[in-house]
Amino acid sequence: MERSVSQYIAYYWTIVPVFLIMLIFISGRGDINNICLFVLSVMFIGLFNNKSISVNLLDITILLIWIYEVFLLFISINYIASFLYIKYFTITVIYYFILRFFFTKKKIVILLLWESFFFCILSLIGFVSFLLFKERIYLGGFNDLYDFRYIFFPLGNLTNTWANLLLGFLGTICLTIIYANNKQKKILFLAIIPIVFGLIVTFSRGTYLTIIFLLFVFALLLIRSKTINWWKKIGIASLVLIGFFSLSIPHLSEVQRTLQINASVSQQRSIEGRVNEGHVAYNIFQKHQITGVGSGNYSLAANEYLYEKDPSTYTSIVSNIAFQFLSEKGIIGICLWIVVFCVIIYLLYFNKKREIVIIFIFIIAIGIRELTFSVLLNHTGLQLIVITWIAVLQDCLINKKYILNITNSIIRKIIRWLPLLMWVSIFTYDRILLYNNKYNGKCIQAIKSDNIDLAETLINRAHESIPCLINRSSIYCKQYRKTEKNCYLNLAEETLKKAIIKNPKDFQLQHNLAIILILQEKFNDAYTILNQLVNQFPKNPLYHITFSGLLYKTENVEASIKHIILAIKLSPAILDTQLFHEIMSKFKNIDSTVYNILKNDIVTYPKIEKNPILLAQQAKILLYLGDTITAQSYLKKAVKQMPNLSRPWCYLGVIAFDKGDELSGKRYLTHSMVADPMDNISKFYWKKYTEKVAETNIQELNNNIFTKIYYMKFQKWYNTQPVEFDDLLFIMIDKVTK
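Conventions adopted
Residues numbered from 1 in each chain as written. Predicted model: local features only at pLDDT ≥ 70, side-chain atom pairs only at ≥ 80, totals over all residues. Heavy atoms only, no water. Helix = DSSP H or I, 4+ residues; strand = E, 2+ residues; numbered from the N terminus. Buried < 20%, exposed > 50% of the residue type's maximum accessible area, 1.4 Å probe, protein only. Contact = heavy atoms within 4.5 Å. Areas by Shrake-Rupley, 256 points an atom, 1.4 Å probe, with all protein chains shown as cover. Lys, Arg positive; Asp, Glu negative; His and termini not counted. Charge placed at Lys NZ, Arg CZ, Asp CG, Glu CD. pLDDT = per-residue confidence, 0-100. Expected span 1.5 Å × (residues − 1). Arc of directions from axis to C-beta. Phe/Tyr/Trp six-rings, centres within 6.5 Å; stacked < 30°, edge-to-face > 60°. Lys NZ or Arg CZ within 6 Å of the ring centre and 35° of its normal. Core = buried A, V, L, I, M, F, W, Y, C linked by side-chain atoms within 4.5 Å. Polar contact = N/O pair within 3.5 Å; in protein donor to acceptor, adjacent residues only side chain to side chain. Axes fitted to C-alpha atoms, helices over the stretch in contact; angles between N-to-C directions. Nonpolar A, V, L, I, M, F, W, Y, C, P; charged D, E, K, R; others polar. Disulfide = S-S within 2.5 Å. Salt bridge = Lys/Arg side-chain N within 4 Å of Asp/Glu carboxyl O.

**Quick word on the overall build of the protein**
Along its length, the protein carries 35 helices and two strands. Put simply, the protein has 738 residues, and 55% of those count as buried. In the protein, of all internal contacts separated by at least 6 residues, the share reaching a separation of at least 24 is 71%. Taken as a whole, the protein presents about 33,400 Å² of accessible surface, with 61% of it coming from carbon and sulfur. Positive and negative side-chain charges in the protein, numbering 75 and 49 respectively, have mean positions lying 12 Å apart.

Next comes the structure, spelled out in structure tokens:
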């Protein structure tokens, strides 16, 4: 008995940690990456023996991709983001080689079974999450889920990310069915139902295209099958079609809207955005053709083309994996991945086993889906699923052809200890980042406690990384506001210039530098920077507001007002901010001028009946001007086209309550909070009108409208929290009005 237990442990000790690591990353717990990498490295050393290792072209290419990613780390436009990528990608590579070299066919089958049953559970949890999401939308007064799929987060994933994971789950289960016994097969076939339902209720056009591809391939394989007679073929096909139709019936209207592809405003905006991303990716590629900008850096490289030009939108996710390859990997990276794909096609051509066919089909399916929403390069869990398929694929080869047999003892020792060496390197650099983040976090807490001196001491202990330099500059500005000592401005300028040299693509830094120069009365230098920013990014309201302050200080009041008007038109939410109130009260005799210009201009605005965003923006300006009737008309047109716009519902609620229609007002505000549960403005009016609770002045809730998107960029680019610098604009206004 004792021996059998030891044998049992000896057999499963390799399977358990590998399975747990898969579980961790599918569940989104990548925060323990270092532990997982260490476990895999130790496993690799422990499993390594004195026998020779045979590798084929696919093994070598995957190793070369990993080496190339390490190389990209040193030439990346932002080493922090690239380091985070290589930190996770190393997990995938070592995971692959452990399965490839040290797992027998039987062990891989056990791993697939465990993963499949785990995916069954996850798909059921996702099903329950959808039911809760559906109930919430219906209780909020809406009867169509399509417009609100962006607030459905199954297991904390974006809906589009979840769709890609479900395809990975489906591929793994279909592969496992081949090896399972009859009882296991029944369970796995049943598990396909919630997965398919989950794919349907993503209401994603890219997912539907992938489903159509899978159904087409399934039909083709069924027709070509020689072991099934035609009556059974018709029965199986009918059963599958009835199943899909049955799962779609409860949400038939949403499915129909999805299949329309380009009918709704949101679909048209999505397609337009993807086309723009394609142009942006090409522009980035033109500048960095050979090696790209480095992994994880698409959003930083695209910043000047997309997000600075339209600062109300930002996403760290690329809509198309081809765009991500073009911009981040360059020609070398693209060629290496093409080799992987070509080798897989070659293996399929000469080895038409069922397992290989299924793997190839689902790799194509994942590829189709990735062309509409890129997840694979950013999600370690999905990478582990696909890399497991590739390991299984090679294990199923009939004629295994190796192109290299490694027997040299020195090379073998290097290979054996390489994963641990990589872990030591990653762990060491990660400690440096954590050291910086530690003091950065303490610094932010000190600021919240209004202890600026302690914050300065703490941030100065961190290394001169880009985020620490930016935060250090912000703290010096806060010290200046507190003490009015010019030495702090000099330090802020010097520190920020260092950060700009390290990352010239972060244009917010140039804007902040311009404010510091204004405070130092270096008006010509500030003018040069701001004039360039407003010309390069004419749709960025922040740059117009800051430029207006400089122009006011240099007594060009007419031009100052012009830029204030431009900022309001670009972002009417400014009208509800403390900043706008400060400008109107401290810039002498401009409030009536601004009001009159807006009133005259609103009449000449172009007809924008089919643009709900512009309708909502104009409605906000009309509310400021007191034209409630026209504003209400515009708001209703906006929400009719895009019911998921939160603020128009909110303002409709305010108008209704002010007219004494409490029933409609409450309904509108409920719609608003369903569309955006995090919107402070909707919460403010809800408490004001329904709970009769005295709240903070609404102007104080909107102070960070200029910077909240940048704070999201900051966290993505630099992997840490920013020291908030919203007060920079207030410091500038105080300066220019003295």
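Still more ground to cover, so stick around.
**With respect to the confidence of the model for the protein**
With 95% of its residues at a pLDDT of 70 or more, the protein shows a mean pLDDT of 89. Here helix α33 (residues 698–701) stands out as the least confident element of the protein, with mean pLDDT 62; helix α22 (residues 507–519) is the most confident, with 96.

**Re helix α23 (residues 523–536)**
Between its first and last C-alpha atoms α23 spans 20 Å; for 14 residues at 1.5 Å apiece the expected length is 20 Å, and the two agree. Here α23 has its buried residues at Ala526, Ile529, Leu530, Leu533 and Val534. Buried residues along α23 cover an arc of 125° about the axis, so they all sit on one side. Across α23 from its buried face, at more than 90 degrees, point the exposed residues Asn524, Thr528 and Asn535. Taken together, the buried residues of α23 touch α22, α24 (541–553) and α25 (557–570).

**Regarding the packing of aromatic side chains**
Scanning the entire structure with this criterion turns up 47 aromatic pairs. Geometrically, the ring pair formed by phenylalanine 130 and phenylalanine 133 is tilted, given 6.0 Å between the ring centres and 50° between the ring planes. In this pair, phenylalanine 130 and phenylalanine 133 both sit in helix α6 (residues 105–139), three residues apart, roughly one turn of the helix. Residues tryptophan 162 and phenylalanine 169 carry aromatic rings whose centres are separated by 5.9 Å and whose planes lie at 85° to one another, so their mutual orientation is edge-to-face. We note that tryptophan 162, like phenylalanine 169, is buried. Of note, arginine 149 hangs over the ring of tyrosine 146, and the distance from its end group to the ring centre comes to 3.9 Å. Between the NZ or CZ atom of lysine 233 and the centre of the ring of tryptophan 230, over which it lies, the distance is 4.4 Å.

**Details of unusual backbone geometry**
One non-glycine residue, leucine 155, lies in the positive phi region at around 55°. Residues other than glycine seldom take positive phi values, yet glutamate 555 does so here, at roughly 65°. Assignment of secondary structure puts glutamate 555 in the loop between α24 and α25. For glutamate 555, a relative accessible area of 71% puts it in the exposed group.

**What to know about the environment of isoleucine 94**
As for its position among the elements, isoleucine 94 is in helix α5 (residues 79–102). On the accessibility criterion, isoleucine 94 (6% relative accessible area) is buried. When near neighbours in sequence (up to four residues on either side) are disregarded, isoleucine 94 contacts Leu37, Leu40, Ser41 and Pro419.

**So, helix α34 (residues 708–718)**
An α-helix turns once every 3.6 residues. As a result, residues three or four positions apart point the same way. Along α34, the residues classified as buried are Ile709, Tyr710, Tyr711, Lys713, Phe714, Trp717 and Tyr718. Packing partners of the buried residues in α34 comprise α5, α13 (298–301), α14 (303–307), α20 (466–483) and α22. Asparagine 719 occupies a position one or two residues after α34 and carries a positive phi of about 55°.

**Comments concerning the nonpolar core**
In terms of nonpolar packing, the biggest core is built from 220 residues, with Tyr95, Ile98 and Phe169 touching the most fellow members. Counting residues per element, this core draws most heavily on α5, at 15 residues. Listed in part, the 13 residues of the second largest apolar core include Cys443, Ile447, Cys468 and Ile475.

**Looking at the environment of tyrosine 150**
Of note, tyrosine 150 is situated in the loop between α6 and α7 (159–179). Among the residues examined, tyrosine 150 registers a relative accessible area of 36% and is labelled partly exposed. Remark: the alpha-carbon pair of tyrosine 150 and lysine 353, spanning 203 residues in sequence, is separated by 40 Å. With residues near it in sequence (within four places) discarded, tyrosine 150 still touches Asn644 and Ala675. Within polar-contact distance, the side chain of tyrosine 150 engages the backbone oxygen of asparagine 644 at 3.2 Å.

**What to know about the environment of glycine 206**
Take glycine 206: it is sitting in helix α9 (residues 205–224). Taking the relative accessible area as the measure of exposure, glycine 206 reaches 7% and is therefore buried. Between the alpha carbons of glycine 206 and aspartate 576 there is a distance of 39 Å; along the sequence they are 370 residues apart. Excluding its chain neighbours within four sequence positions, the residues that come into contact with glycine 206 are Arg369 and Thr372.

**Section: the packing of α20 against α34**
For the pair α20 and α34, interaxial distance at closest approach is 10 Å and the crossing angle is 145°. Counted together, Ile466, Pro467, Ile470 and Asn471 of α20 and Tyr710, Phe714 and Tyr718 of α34 form the full contact between these two elements. Of the residues contributing to the contact of α20 with α34, the split by class is six nonpolar, one polar and no charged.

**Some details on the state of the cysteines**
In total, this model carries zero disulfides according to the counting rule given. Just so you know, cysteine 120 is unpaired, no disulfide at all, and the nearest cysteine sulfur is the one on cysteine 174, 11 Å from it. When its relative accessible area of 9% is taken as the criterion, cysteine 120 is described as buried.

**Some details on the side chain of serine 319**
Along the polypeptide, serine 319 turns up in the loop between α14 and α15 (321–350). For serine 319, a relative accessible area of 8% gives the class buried. A polar side-chain atom of serine 319 sits 3.0 Å from a polar atom in the side chain of glutamate 277. When neighbours within four sequence positions are excluded, serine 319 is seen to be in contact with Arg274, Glu277, Glu370, Leu371, Thr372, Phe373 and Ser374.

**Observations concerning the pattern of salt bridges**
By the definition in use, this model includes 21 salt bridges. As a salt-bridge pair, aspartate 430 and lysine 87 come within 3.1 Å of each other at their nearest N and O atoms. Of the two residues, aspartate 430 sits in helix α18 (residues 409–448) while lysine 87 sits in helix α5, which places them 343 residues apart along the sequence. Like aspartate 430, the residue lysine 87 is buried in the burial classification. Close ionic contact of glutamate 493 with lysine 522 constitutes a salt bridge, the shortest N to O distance being 3.0 Å. You can see glutamate 493 sitting in helix α21 (residues 486–502) and its partner lysine 522 sitting in the loop between α22 and α23, a full 29 residues away along the chain. Through salt bridges with shared partners, a single ionic network connects Lys87, Asp430 and Arg431.

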